[in-house]
Amino acid sequence: MAKKLIRFGFAMALIIGLYGCTGTKNAASTKIENTTLSEITNTTNQGSDVAPTIEETITVGEPLPFDPDTRVGKLDNGLTYYIRQNSKPENFAELRLAVNAGSLQENDDQQGLAHFLEHMCFNGTKNFPKSDLVDYLESIGTKFGAHLNAYTSFDETVYMLKIPTDDAEKFDKGLQILEDWAHNVTNSPEEIDKERGVVISEWRTRLGAQERMQQKTLPAIFYGSRYPERVPIGKTEIIESFKPETLIQFYKDWYRPDLMAVVAVGDFDMDQVEVQIKEKFGRIPKSPSTARDRVVYPLEDHKDTKVVIAADEEFPFNVVQLMTKHPHVTIKDMDAYRKSVARNLGISMLQNRLTELTQTSDAPFNAAFGGYGSFGARSTDAMQMGALIAPGGFIKGVKAMVTEQERAARFGFTETELERTKKSRLASLEKGFKEKDKTESANLIDSYVQNFLTGSPVMGIGNSLKINQALLPQISLEEVNEVFKSMFRDDNQVMVVMASKKEGNEIPEEEALRAAITEAKAQELEAYEDEVSDAPLVAEQPAPGRIMMESSWDEVDATKLKLSNGATVILKSTNFKDDEIIMNAFSWGGNSLYSDEEYMSASFADAIISSSGIGEYDELQLGKYMSDKVVRVSPYIGELTEGMSGSSSVKDLETMFQMIHLYFTKPRKDTTAFEAMMAQQKAFVGNMLSSPQSYFGNEVNKIMTNDHPRSGFPTVEKLDQVDLEDAYRIYQDRFANAGDFTFVFVGNFELEQMKPLIKNYIASLPRIKRKETFKDVGREQMRGVVEKEFRKGKEPQSQVRLAFTGDFEYTEQESFHLDAAIDVLSIMMRESMREDKGGVYGVGVGGGASRRPRQQYSVNVNFTCDPKAAEDLIATALADVKNLQENGPSEKNMQKIKEIMRKENQNNMKKNGFWLSGLSAVVRNKREPSYLLKMDEKVEALTAEDVQKAAKKYFNGSNFGKFILYPEE
């Protein structure tokens, strides 16, 4: 059961309410801080581990510097290329082909074909006929979806490929694939006809309340423009009937070198890669003089505020979005950059104020955001505010949002707010600089893609930090206030309301919403007061404990400590990241030790404490205290264990230890925070089951768990069972005894550096004489054969789940064989159900074995399809299962899954996260540490017979569920 359900990103997705699936990018993708995000993630090797400093002043009008470690060039035919050497991960490269054309470039008879063409790039090229491209890439360890993908949006189409570099031939073929996409796609009529069903299936997955509401909201958001007429998924009647030459014409018109860029970032020799790019992509013919102009489609200005209200019975939430649109300014020089920094400082402070309002007992909204940047139209940016509103709370929520906007515009921000925000910005940049040599290529490459497509700056982390170190002290509070105030005006505004048509949810009329804005702007206000605590996080240093025993796990280069209070600490020092230390702590017990009547309070106890704060700091003050620190600690209480997870930079390591200590010894009980958090959860879940997908998932889950009282969706009635006193008591009980905890730390630290911190903050934790473990709460899996149909929803869309369950005699090897069978079955079903039949956009095959509290397994097959095709596709899926059982996996599929496993293991072994979870598992499962090093041996030993045997044993149908969601009749 999820506890903290509200997140900024999810709230934003709800508010925008637009397309966002693999294959087609958000029709209105959101870049809230269009400068700082790329600065922080675009880390660049500057050749020094010492943070740069700058003393000179910023020159007015000076062009922004370009990332010095990136090579940019343009071929004679007009194609642009970016090359960047980066050694993380080793022996891999990220490749991109960016095409500066999307659905906006479609003719009336081509609507949906920009996206359709993206699909066709995976269905046959000059050098990779039909499905050979995907087959080849999977055979060398490239995973479809994770490492091989693409998206189409209004303005662009981007292809993504991760490829090995330890084999020159494989890397060369990777570049060959990009070249083929650029001008050698076959677009055969046979493959086009097969892909029609796949694209229609993708369209079908998007049907529902959000799509219906989008049709109503897009014309207001993109007022007076081509955008609402060119949603990337297109029109089904065109997808089903277009002639191949219509698609080929789009390919000829828009896939041309002057509209394309090749981007390569990875572990390779830049000179050699440049030679290869020039050779391959220089072969593409130059665009003819008669080539079509790429037209920019602007939005129309409007003097008024557009208000659009979209309500739907299947939409489970209430959200409001306020937008003020401005002409887009490409940030090219120091003047524009300085203004963007001042603007983003103001946005961050507004966001903090909105978040603060959500933490009050009578909060006007349950989640809120403020942001500035692109919302999908390249010619226009917007100041955006949005909120998740409680039922019946629209007017109150709108007034509160506009009030905070008005308060900030009228009185400005405070010096203390600005100072905290500046420190937070620098802390993020400093961390990025420290990780400059350990940043993965996937985190670098998109900034180059966006530089080509939109002109967004790529300075590199060294330049970004240096410039911000000089610039931030120069930016005054008055400057920030002036820039912030200029973002709000009375014209070019849009208010979007997306509401649940739930009985009792009062949805205001347009006039009432307009009146709420007017009243909020006209009211008398007081300036915001920034309350800041200067108390130390730990008021009194605890009496240190002792390290009683130290032993080495030489096989994995780790150390085990036994402390005087009984706690165990596992330490592994790594150099995978220069400024990262991560931790996990756990002990057996969890919420399984409490009665069903106490379950809801037990399951929310960790979230309640997290929202209440620690020591002398409530959550709000704790956030302010942590603003210039890169550190996080979160307690958790699961069904079988309780513990903490956390991370920190090197400089904030002691703060992480202090937080661990306080979450054990001084958790807060805050009635206001509790009431605010529970109101947020109730607003979130109150109408969730009106969504057909949520309803179906909940009903199937009840059947799969025999309607166990601890399973199922957390309804408002269940949330009413959460009691603050019980939750606080349960939390204290779970963390009363540090003696049965194991703490695991992985990252960039020295052992001797850690020991004093361990003595002070972990060995000093309380211990009680209690030995406990988890309990089996009696959650039985589904038994026998169950087939059930459900009816909910308006759209011609079915959800299907097939489930195999049963008992399991757990061994690591047997679990591995089951996982391998799942991987093979996933490939088989993708090929049969998507590529051969065109009946699904995707099929998910997942699950595995568990050893606690019972040894059992569960495998689920999930897909969305045409209701008329559901039974036929189920028969296809079960035929794949039978084929695997009777004939075993093909040699080709065995090669694919084994190579993918090898590559994933090669990558995992150099990640802190792998070692944190692996060492934790060593302790939990009482294994020898050396088993973490044996993955390659397991892969090499895996045979087709192992996979076939697992398929026969675990997909046997004796415990089988077939569940289908049909639309209402």
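Reading guide: rules and limits
- Residues numbered from 1 in each chain as written.
- Predicted model: local features only at pLDDT ≥ 70, side-chain atom pairs only at ≥ 80, totals over all residues.
- Heavy atoms only, no water.
- Helix = DSSP H or I, 4+ residues; strand = E, 2+ residues; numbered from the N terminus.
- Rg over C-alpha atoms; globule rule 2.2 N^0.38 Å.
- Buried < 20%, exposed > 50% of the residue type's maximum accessible area, 1.4 Å probe, protein only.
- Contact = heavy atoms within 4.5 Å.
- Areas by Shrake-Rupley, 256 points an atom, 1.4 Å probe, with all protein chains shown as cover.
- Salt bridge = Lys/Arg side-chain N within 4 Å of Asp/Glu carboxyl O.
- Phe/Tyr/Trp six-rings, centres within 6.5 Å; stacked < 30°, edge-to-face > 60°.
- Lys NZ or Arg CZ within 6 Å of the ring centre and 35° of its normal.
- Pairing = 2+ DSSP bridges.
- Axes fitted to C-alpha atoms, helices over the stretch in contact; angles between N-to-C directions.
- Polar contact = N/O pair within 3.5 Å; in protein donor to acceptor, adjacent residues only side chain to side chain.

1. Quick look at the overall build of the chain
Then, in step 1: If you tally the helices and strands in the chain, you get 31 helices and 24 strands.
Then, in step 2: A compact globule built from 969 residues would reach a C-alpha radius of gyration of about 30 Å, and the chain, at 28 Å, matches this within 12%.
Then, in step 3: Dimensions of the chain along its principal axes, counting C-alpha atoms only, are 80 × 75 × 60 Å.
Then, in step 4: Considering the chain as a whole, with its 969 residues, one finds that 59% of them fall into the buried category.
Then, in step 5: Here the contacts in the chain between residues at least 6 apart in sequence split such that 85% fall between residues at least 24 apart.
Then, in step 6: Summing over all exposed atoms, the chain offers an accessible surface of approximately 37600 Å²; the carbon and sulfur share of this is 47%.

2. Observations concerning the environment of Pro316
Then, in step 1: For Pro316, the position within the fold is in the loop between strand E8 (305-312) and strand E9 (319-327).
Then, in step 2: In the structure, Pro316 is positioned 378 residues away from Ser694 in sequence and 9.6 Å away in space, judged by C-alpha atoms.
Then, in step 3: Here Pro316 is in contact with Ser500, Asn687, Met688 and Ser690, once residues within four sequence places are set aside.

3. Remarks on the pattern of salt bridges
Then, in step 1: Under the defined criterion, the tally for this structure stands at 78 salt bridges.
Then, in step 2: Salt-bridge contacts for Lys910 lead to Glu90; the nearest nitrogen and oxygen are separated by 2.5 Å. Note that Lys910 is positioned in the loop between helix H28 (891-908) and helix H29 (912-924) and Glu90 in the loop between strand E3 (80-85) and strand E4 (92-99), a separation of 820 residues in sequence.
Then, in step 3: On the basis of relative accessible area, Glu90 is assigned to the partly exposed category, the value being 32%.
Then, in step 4: One salt bridge in this structure joins Arg294 and Asp155, with 3.3 Å as the shortest N-O distance. Within this pair, whereas Arg294 is found in the loop between helix H10 (270-281) and E8, its partner Asp155 is found in the loop between strand E5 (148-152) and strand E6 (157-164), the two being separated by 139 residues in sequence. In this structure, Arg294 and Asp155 share a single accessibility class: buried.
Then, in step 5: Salt bridges linked by common partners bring Asp135, Glu138, Arg830, Glu831, Glu835, Lys892 and Lys896 together as one network.

4. Here's the deal with the packing of aromatic side chains
Then, in step 1: Evaluation of the coordinates by the stated rule reveals 36 aromatic pairs.
Then, in step 2: Between the aromatic rings of Phe116 and Phe242, the centroid separation amounts to 4.9 Å while the plane-to-plane angle is 80 degrees, which identifies the pairing as edge-to-face. Of this pair, Phe116 sits in helix H3 (residues 113-120) while Phe242 sits in the loop between helix H8 (236-241) and helix H9 (244-254); the two residues are 126 residues apart in sequence, bridging distant segments of the chain. The pair formed by Phe116 and Phe242 is uniform in burial state, with each residue classed as buried.
Then, in step 3: Ring geometry for Tyr159 versus Tyr255: centroids 6.4 Å apart, planes at 65 degrees, classification edge-to-face. With a gap of 96 residues between them, Tyr159 in strand E6 and Tyr255 in the loop between H9 and strand E7 (260-266) connect regions that are remote in the sequence.
Then, in step 4: Here the guanidinium or amino end of Lys306 rests over the ring plane of Tyr223, the centre of that ring lying 4.3 Å away.
Then, in step 5: A cation over a ring is seen here: Arg924 above Phe586, with NZ or CZ 5.4 Å from the ring centre.

5. Digging into the environment of Glu529
Then, in step 1: By secondary structure assignment, the location of Glu529 is in the loop between helix H17 (510-522) and strand E13 (547-553).
Then, in step 2: Distance from Glu529 to Lys243, taken between C-alpha atoms, is 65 Å for residues 286 residues apart in sequence.

6. As for the sheet that holds strand E24 (residues 960-966)
Then, in step 1: Across the sheet, which stays open at both edges, the five strands sit in the order E20-E24-E21-E23-E22 with mixed pairing between neighbours. Two strands bound the open sheet, and with one partner strand each, they are strand E20 (785-791) and strand E22 (843-850). Direction aside, the axes of adjacent strands within the sheet are offset by 10 degrees on average.
Then, in step 2: Here seven bridges tie E20 to E24, and the two strands are oriented parallel to one another. The partner of Arg791 across the bridge, within E24, is Tyr966.

7. Quick notes on the side chain of Glu795
Then, in step 1: With respect to the secondary-structure elements, Glu795 resides in the loop between E20 and strand E21 (798-807).
Then, in step 2: Overall, Glu795 belongs to the buried group, its relative accessible area being 17%.
Then, in step 3: At a separation of 2.8 Å, a polar atom in the side chain of Glu795 contacts the side chain of Arg212.
Then, in step 4: Non-local contacts of Glu795, meaning those with residues more than four positions away in its chain, are made with Leu207, Gly208, Arg212 and Pro967.

8. Points about H9
Then, in step 1: Looking only at H9, the buried set comprises Pro244, Thr246, Leu247, Phe250, Tyr251, Asp253 and Trp254.
Then, in step 2: Where H9 is buried, its residues meet E4, H3, helix H5 (168-183) and helix H6 (189-205).

9. Observations concerning unusual backbone geometry
Then, in step 1: In this model, Lys88 is joined to Pro89 through a cis peptide bond whose omega is -5 degrees.
Then, in step 2: With respect to the helices and strands, Pro89 occurs in the loop between E3 and E4.
Then, in step 3: Cis geometry is found at the peptide bond from Arg852 to Pro853, where omega equals -5 degrees.
Then, in step 4: Within the element layout of this structure, Pro853 appears in the loop between E22 and strand E23 (856-865).
Then, in step 5: Even without being glycine, Asn706 reaches a positive phi, approximately 55 degrees.
Then, in step 6: Mapped onto the secondary structure, Asn706 falls in the loop between helix H22 (692-704) and helix H23 (716-719).
Then, in step 7: Positive phi, normally seen in glycine, also occurs at Lys926, with a value near 55 degrees.
Then, in step 8: Relative to the helices and strands, Lys926 is located in the loop between H29 and helix H30 (935-941).

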